[in-house]
Amino acid sequence: MMNKSEKTALLQSAGAAEEIEGRSLWRDARIRLFRNKAAVGSMIILGIITLLAIFAPLLSPYAYDQIDWSYIQEGPNWENGHIFGTDGNGRDLFIRVLYGARVSLAVGLLATTVSLIIGVTYGAVAGYFGGKIDSIMMRFVDVLYSLPFMFFVIMLMVVFGRNIFLIFVALGAVEWLTMARIVRGQTLSLRRREFIEAAHATGVSNFKIIFRHIIPNVLGPVIVYMTLTIPQVILTESFLSFLGLGVQEPLTSWGVLISEGAKVIEASTWMLIYPAVFLALTLFCFNFIGDGLRDALDPKDR
Amino acid sequence: MLSYAIRRLLIAIPTLFVVITVAFFMMRIAPGGPFDQERALPPEIEKNIKAAYDLDKPLIEQYAIYVGKLFQGDFGPSIKIRDFSVAELIMAGAPASMQLGLTAIAIALVFGVALGTYAAIRQNSAIDFVVMGVAMIGIAIPNFVMAPLLSLVFGLYLSILPTAGWGDGELQYKILPIIALALPQIAYIARLTRGSMVEVMNSNYIRTARAKGLRETLVVNRHAIRGALLPVVSYLGPATAAVMTGSVVIESIFGVPGIGTYFVKAALNRDYPLVMGVVIVFAVMIILLNFLVDMIYGLLDPKLKSR
Amino acid sequence: MTTNHILTVENLTTRFQTPDGEVEAVNNVNFHIDPGETLGVVGESGSGKTQIFLSLMGLLAKNGASTGSVRYKDKEILNLQPRELNKIRGVSMSMIFQDPMTSLNPFLKISRQMTEVLVEHRGMSESDALARAISMLDRVGIPGAAQRVHMYPHEFSGGMRQRVMIAMALLCDPEVLIADEPTTALDVTVQAQILDLLRDLQTDFNTATVMITHDLGVVAGLCDRVMVMYGGRVVETGSVRDIYYDSHHPYTEGLLKSMPRIDRADEESLFAIPGQPPNLQNLPKGCAYQERCEYVFDRCCAERPLLREFGNGRASACFREDDK
């Protein structure tokens, strides 16, 4: 029988071994990721867009809700500072696109974080305890999985109004399912590995095991999926906004701008093109980065 | 096969009830909805609602009555469009939506699988990159961006198709909406098929097929496609859901008189019964479809067929 | 010029292009097989033993390329167009693989997977092909062959699946059967059964057989001649008796020593060759075995020993030969 210090030493060495293994995995993955030109390019572009969004007010002489009576619904003009032109109310499109970026990126990140928290916890618990608990929990996920979520989100918007926090929560609550499945799969396979048994044997509580050992090790696929969820969420939010069910005035998002632009596409094509390009570019970048991460962490012949 | 069918059924039925229950309670708590006592509604509509929803009975009984009525196809009256019940409105919009939706899925399957297989066979060639690149575009560009662009290019610049409208339902009015609905799915299915095909083509049993000296067409068409298509069959469920979701926006943009258009108007007008009705109908269709797809999958995969 | 050999391999080299550089999995390999004989090809994973035969069967991965010469009877078959190669694969030369689980198509019935060989190569009708398939399944020891033939692979056990693979490979009476570690993925008892079956079939059909394996025990019971591979190169050849009782190359000696022996139960510990298999992307200058060899001397690290023949099909790639 081991005494307490021996137990601790054993656990530490088991944990440390996993850590070392983990570190070289990340290093290899990073090398592979940076070799992927599409992913690197995407990261740069995303970085630029993010910076533009953050520093938006500094980049234009106009405020996002400021009406320029002399220049209503006119095209791009570098001389008067309306680089992307103006919309039907005379508001500068460039600054509105950048403010739209703020909303879209924020919604993307926050909603994904919500889905992350719910999904990872749910999946880790299900996978860790296995057996009946896992069956029931996953059955519930199966039930929810087949539903068309867009409609439920719209329903929520209709019923409770168009609160931006509600949007975060609704979108996050919708995306957690696949995250839960992924985490549960990983957890199930991790559960049988030796260092978990070692932790068990030395009496570490289930709760601690889940948070200290399992969750760090499922990080890989989770990060990949997060990067792929963000564009989904942004897309969903744009979809809602396009229909008029998303963010409310005076806030704007790319979906709203595209909706306005679509209505006047013949006369004022720029009103559609600029927000659409930003949206498409952002979605592309996240997808490329997500693909790159997936290849980096699990290289298979593609 | 039977036990598999039963298991899928056991998932489908609770899902249905979750949807109905959620819809029921949503309506009850909606501020400004038909059940909000403070809201003043035009008297005729209020009368209809009182009659339809038996508001004086206990909640459980209301629920039971509601479910019972649903199974008879009675969704209650619309609160914004007078003289029409939700069921009537949905039925009015159904033909257009179904035509567009079913055609879109059929096109997506045919083109998606063909493109994906072609790209997979010529893996890593220029054709592969082009096809996958275009597919990436189809996936990343949202349909509400694609649709106006299509309208602009084909309707305005090239003038070969009407930019919007439905006319009397002639073919030319249907083409753009169908393409707009189908494109993202073609892209997705192409990518899925390609990935699946590549995996299958690298598998051991394809190596065996080649070692047996079979000609390549046999290897691909008899040995590879079967396994490669299973994920595509699985995807049919989500694909239909995506087309339904997309139809909401596409119908609005092109002015198609379908369920999607009614849904958007209802959502903007807070016509709760209509919104709930459409949600339930769509949900039911998707649940049924997923069940059907599961059955097809079970028949195709020998490991499931024999159990 | 006609030769007796059914398969002649000369200077076969197979290279793979990987993101980390070029790898030579097979390096200048020469050997031949005579009709009806069984050749054992022995080596660790990565020794190149499987890649040799994947190369000549045209089954290499896309990033691989072979040079050299492979003659089936008198016909050059290396790098032949698939259409031409398909006239030989499955007909005159057959290959069975290590993992019967994944080597059979899970979506097709066994009947289809077998009859298609006969229909494609022999132009037989479906019913004739089915009859022959059933009789072949019978021959390899599948009970109830007539019913079993209409089943799917997952309905068979591992050993049965391997028997099915063997039956499938022999349908067209090939003159060469290449068996790539056919028993490695099976239980020990099933292993013995499969080896017995192969021996049996060899007597009946007189097929030249190549037995690729890492297990010298398998070689002993089945093979006439042995070829030992290390680091992509042939390091020793000879008859089974010669290899077992008079091995020359230190690697062969190591392999023999590390076989657990019942008759030497009093030995304290199992012998294992020290060190790791070589990294093919980073082979040392000189002999590939130098880091693990107990006889290593200076010349081994400077120069690579070539395969030297010393009569009767015996050859060894070691500088110790020079002193003998």
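Just above sits the structure.
Here is a short report on the structure shown in this document. (Residues numbered from 1 in each chain as written. Chains lettered and ligands numbered in written order. Predicted model: local features only at pLDDT ≥ 70, side-chain atom pairs only at ≥ 80, totals over all residues.)

Some remarks on the overall build of chain C
1) Next: The helix and strand tally for chain C stands at 12 helices and 12 strands.
2) Next: Compactness check: chain C gives a C-alpha radius of gyration of 21 Å against a globular reference of 20 Å for 324 residues, within 12% of the reference.
3) Next: Overall, the C-alpha framework of chain C stretches about 65 × 50 × 40 Å when taken along its three principal axes.
4) Next: Each of the 324 residues in chain C was classed as buried or not, and the buried ones make up 44%. (Helix = DSSP H or I, 4+ residues; strand = E, 2+ residues; numbered from the N terminus. Rg over C-alpha atoms; globule rule 2.2 N^0.38 Å. Buried ≥ 20, exposed ≤ 12 C-beta atoms within 10 Å, placed from the backbone.)

Observations regarding unusual backbone geometry
Leaving glycine out, the prevailing phi sign among residues is negative, and the prevailing peptide bond configuration is trans.
All names here are of chain C.
1) Next: Positive phi values are uncommon outside glycine, yet N11 reaches one of about 50 degrees.
2) Next: The residue N11 is located in strand β1 (residues 7-18) in this model.
3) Next: The phi torsion at E181 lies on the positive side, around 45 degrees, for a residue other than glycine.
4) Next: Assessed through the 21 C-beta atoms surrounding it within 10 Å, E181 is described here as buried.

Notes on the sheet that holds strand β9 (residues 225-230) of chain C
Residues and elements named next belong to chain C.
1) Next: Spatial ordering of the open sheet is given by β6-β7-β8-β3-β9-β10-β12-β11, a layout of eight strands whose pairing is mixed. The open sheet terminates on both sides in strands that have one partner only, identified here as β6 (93-96) and β11 (308-309).
2) Next: Summarising the sheet, β6 and strand β7 (residues 176-180) pair through four bridges and their orientation is parallel. When the bridges of β7 are listed, I96 appears paired with A179.
3) Next: Its contacts with the sheet put helix α1 (residues 49-56) on β3 (38-42), β6, β7, β8 (208-213) and β9, and the angle it makes with β8 is roughly 140 degrees. (Pairing = 2+ DSSP bridges. Contact = placed C-beta atoms within 7 Å. Axes fitted to C-alpha atoms, helices over the stretch in contact; angles between N-to-C directions.)

Overview of the arrangement of the chains
1) Next: Most contacts, among the two pairs of chains that meet, fall between chains A and B.
2) Next: Contact between chain A and chain C is absent, and the minimum C-alpha spacing across the pair is 10 Å.

Overview of the sheet that holds strand β2 (residues 21-33) of chain C
All names here are of chain C.
1) Next: With antiparallel pairing, four strands are arranged side by side in an open sheet as β2-β1-β4-β5. One side of each edge strand has no neighbouring strand; the edge strands of this open sheet are β2 and β5 (75-76).
2) Next: Pairing of β1 with strand β4 (residues 64-72), which is carried by eight bridges, proceeds in the antiparallel orientation. Its bridge partner lying in β4, R15 is registered against A65.
3) Next: On the sheet, α1 packs against β1, β2 and β4 and is oriented at approximately 80 degrees with respect to β2.

Some remarks on the interface of chain C and chain B
1) Next: Across the contact, 25 residues belong to chain C and 19 residues belong to chain B.
2) Next: Elements that contribute at least two residues to the side of chain C that touches chain B include exactly α3 (100-103) and α4 (110-122) of chain C.
3) Next: Looking at the side of chain C that touches chain B element by element, the count peaks at four residues for α4(C).
4) Next: The residue makeup of the side of chain C that touches chain B, split by class, is 12 nonpolar, seven polar and six charged. (Nonpolar A, V, L, I, M, F, W, Y, C, P; charged D, E, K, R; others polar.)

Quick look at the interface of chain A and chain B
1) Next: Contact residues are listed per partner, giving 31 residues for chain A and 33 residues for chain B.
2) Next: Listed by contribution, the elements that provide at least two residues to the side of chain A that touches chain B are α5 (131-145), α6 (149-160), α10 (219-243), α11 (254-263) and α12 (269-297) of chain A.
3) Next: With seven residues, the single largest contributor to the side of chain A that touches chain B is α12(A).
4) Next: Tallied by class, residues from the side of chain A that touches chain B come to 23 nonpolar, four polar and four charged.

Considerations on the nonpolar core
1) Next: Of all hydrophobic cores here, the largest spans 254 residues; its most connected members are V153(A), M155(A), I258(A), I189(B), V275(B), V278(B) and V279(B).
2) Next: Per-element accounting of this core gives the leading share, 19 residues, to helix α4 (residues 93-129) of chain A. (Core = buried A, V, L, I, M, F, W, Y, C linked by C-beta atoms within 7 Å.)

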